[in-house]
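Now for the letters of each chain:
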Amino acid sequence: MDLEFTKQDQVFREAVQAWLQESLTGEFAVLKGRGGPGDEHALFAERLAWEQKMGAEGWKCLGWPESAGGRDLPLSQQMIFNEEYVRAGGPGQLGHIGETLLGPTLIHFGDDDQRQRFLPNIVGVKELWCQGYSEPNAGSDLANVQTTAELDGDEWVINGQKVWTSGAQWSQWCFVICRTDREAARKHAGLSYLLVPMDQEGVDVRPIRQMSGEAEFNEVFFDNARTSAANVVGGVNNGWRVAMGTLAFERGASTLGQQAQFERELNEITDIARRNGRIDDPGIRARLADAWMGLKIMRLSALRTLASADEAALPPAALTTKIYWANWHRDLGKLAMDVLGLDSEIADSRDELTQLQRLFLFVRSDTIYAGSNQIQRNIIAERALGLPR
């Protein structure tokens, strides 16, 4: 694994820094540092306008092939952009599910008509996407999905319920795992991957209120909702393979941006510890050092994984990624509160928590969503180590 950046990479880094410095000003200056975990509802209209500016000026979907509307940049430059974006205070992106999950899935598994229809609006951030995987009885066990889709002429008719659907209240489309063959001998063999419009009768989005007071997650109910027969990706009853491909793309270059955000949070906590004297506490100082070392390990592991990843397949080491960063981030939230001490109990106002308070509350979900820690351990045991179920 080569950790050195080339001269071309450095020129690109300087171009990214210059564009962000010039662009995150004026009407967009208020967005700096907003829209991250626990703050997803902040400044929605302004963030959407910002992302549309990014798309118009060629700063979205950087790793996509040029034929799909991207810039086909090498992995090193995708990493640079994600890191510099966070360091400049770039806001949380509303279109990330379309850009990092659905888009690469269509590029890899979709047909020409699907790519022509959907990819330009992801690049331009004209349509937002959400992910319809989890159900009340199929959280981390996608093979147990019960939402059904039946073909009625030239349309699929969808019935069922999805849960923990991030951003459903803002999305125009959802990619939904449905059961299209109820008689399949193996449960995962009867699933299909459908693209479903959200703005229609038969789709009901209900917010799930979190302890932070916000409702990033939603329940989505499908009651005879419809989508075109052409909106099945990768073929009927081949949804399991496509869904696994989508999950592989989730561990892409954007993970380096996530780690840059973690670094910014850790630096803020360390600065507070210096100001209020908590850094003189040997226990706090040791935990700050452990967090710093853990973040460095996380970065090196991610670089190793990305360097060895195939297009839509994860190397075994990638299976440890989620449980590692989720535990690290949960512990960082606790460390933040301990560094703040009594100040951690005081909100900015009656209705507004501080950034670190929101962080602490939100990270309680990190070890649950996208596969709980228990499920992650099973995945590592069975798929990486070859142990029996």
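Residues numbered from 1 in each chain as written. Predicted model: local features only at pLDDT ≥ 70, side-chain atom pairs only at ≥ 80, totals over all residues. Heavy atoms only, no water.

(A) The arrangement of the overall build of the chain in detail. For the chain, the helix and strand inventory stands at 11 helices and eight strands. Against the 2.2 N^0.38 benchmark of 21 Å for 389 residues, the chain shows a C-alpha radius of gyration of 21 Å, consistent with a compact globule. When the backbone C-alpha atoms are referred to their principal axes, the chain occupies close to 70 × 45 × 45 Å. Residue pairs in contact within the chain that sit at least 24 positions apart in sequence constitute 73% of those at least 6 positions apart. For the chain, the exposed surface amounts to about 18600 Å²; the carbon and sulfur share of it is 50%. (Helix = DSSP H or I, 4+ residues; strand = E, 2+ residues; numbered from the N terminus. Rg over C-alpha atoms; globule rule 2.2 N^0.38 Å. Contact = heavy atoms within 4.5 Å. Areas by Shrake-Rupley, 256 points an atom, 1.4 Å probe, with all protein chains shown as cover.)

(B) Representation of the packing of helix α1 (residues 7–23) against helix α2 (residues 44–56) within the structure. At a closest axis distance of 13 Å, the pairing of α1 and α2 adopts a crossing angle of 140°. Our classification of the angle between α1 and α2 gives oblique. The interaxial crossing formed by α1 with α2 has right-handed handedness. Packed against α1, whose contacting residues are Trp19, Leu20 and Ser23, the element α2 presents Trp50, Lys53 and Met54 at the interface. For the contact of α1 with α2, the residue count by class is four nonpolar, one polar and one charged. (Axes fitted to C-alpha atoms, helices over the stretch in contact; angles between N-to-C directions. Parallel < 35°, antiparallel > 145°, perpendicular 65-115°, else oblique. Left-handed = near helix turned anticlockwise from the far one by under 90°. Nonpolar A, V, L, I, M, F, W, Y, C, P; charged D, E, K, R; others polar.)

(C) Structural context of the pairing of strand β5 (residues 191–197). Across the seven residues that make up β5, a large majority, six, are buried. Here seven bridges tie strand β4 (residues 173–179) to β5, and the two strands are oriented antiparallel to one another. Note on β5: the bridge partner recorded for Val176 is Leu194. (Buried < 20%, exposed > 50% of the residue type's maximum accessible area, 1.4 Å probe, protein only. Pairing = 2+ DSSP bridges.)

(D) Examining the state of the cysteines more closely. Summed over all chains, the structure comprises zero disulfides. Considering cysteine sulfurs only, Cys130 is the nearest to Cys61, which forms no disulfide, with 17 Å between them. For Cys174, which is in no disulfide, the shortest distance to another cysteine sulfur is to Cys130 and amounts to 3.6 Å. The class of Cys174 is buried, set by a relative accessible area of 1%. (Disulfide = S-S within 2.5 Å.)

(E) The nonpolar core, seen in detail. By size, the foremost hydrophobic cluster in this structure holds 27 residues, and its most contacted members are Leu102, Trp129, Phe175, Tyr193 and Leu195. Listing elements by their share of this core, those giving two or more residues are α4 (96–109), α5 (112–123), β4, β5 and α6 (239–249). Core analysis: the next-biggest nonpolar cluster, separate from the first, contains 22 residues, Ile269, Ile272, Ala291 and Ala336 among them. (Core = buried A, V, L, I, M, F, W, Y, C linked by side-chain atoms within 4.5 Å.)

(F) The arrangement of the packing of aromatic side chains in detail. The full count for this structure, using the stated rule, is 17 aromatic pairs. Relative to Tyr369, the ring of Trp325 lies with its centre 6.4 Å away and its plane at 50°, an arrangement referred to as tilted. With Trp325 in helix α9 (residues 321–340) and Tyr369 in the loop between α10 (355–362) and α11 (373–384), this residue pair connects regions lying 44 residues apart in the sequence. Residue class for Tyr369 comes out partly exposed when judged on its relative accessible area of 28%. Taken together, the aromatic side chains of Phe12, Trp19, Phe28, Trp50, Trp59, Phe81 and Tyr85 make up a single cluster linked through ring pairs. Over the aromatic face of Phe5 sits the side chain of Arg13, whose NZ or CZ is 5.2 Å from the ring centroid. Directly above the ring of Phe221 sits Arg206, whose terminal nitrogen or CZ lies 4.1 Å from the centroid. (Phe/Tyr/Trp six-rings, centres within 6.5 Å; stacked < 30°, edge-to-face > 60°. Lys NZ or Arg CZ within 6 Å of the ring centre and 35° of its normal.)

(G) Examining unusual backbone geometry more closely. Phi at Val125 is positive, roughly 55°, even though this residue is not glycine. Looking at the element boundaries, Val125 is found in the loop between α5 and β1 (129–132). Take Val125: its relative accessible area is 2%, and that puts it in the buried class. Although it is not a glycine, Trp164 sits at a positive phi angle of roughly 60°. Among the secondary structure elements, Trp164 is positioned in the loop between β3 (155–162) and β4.

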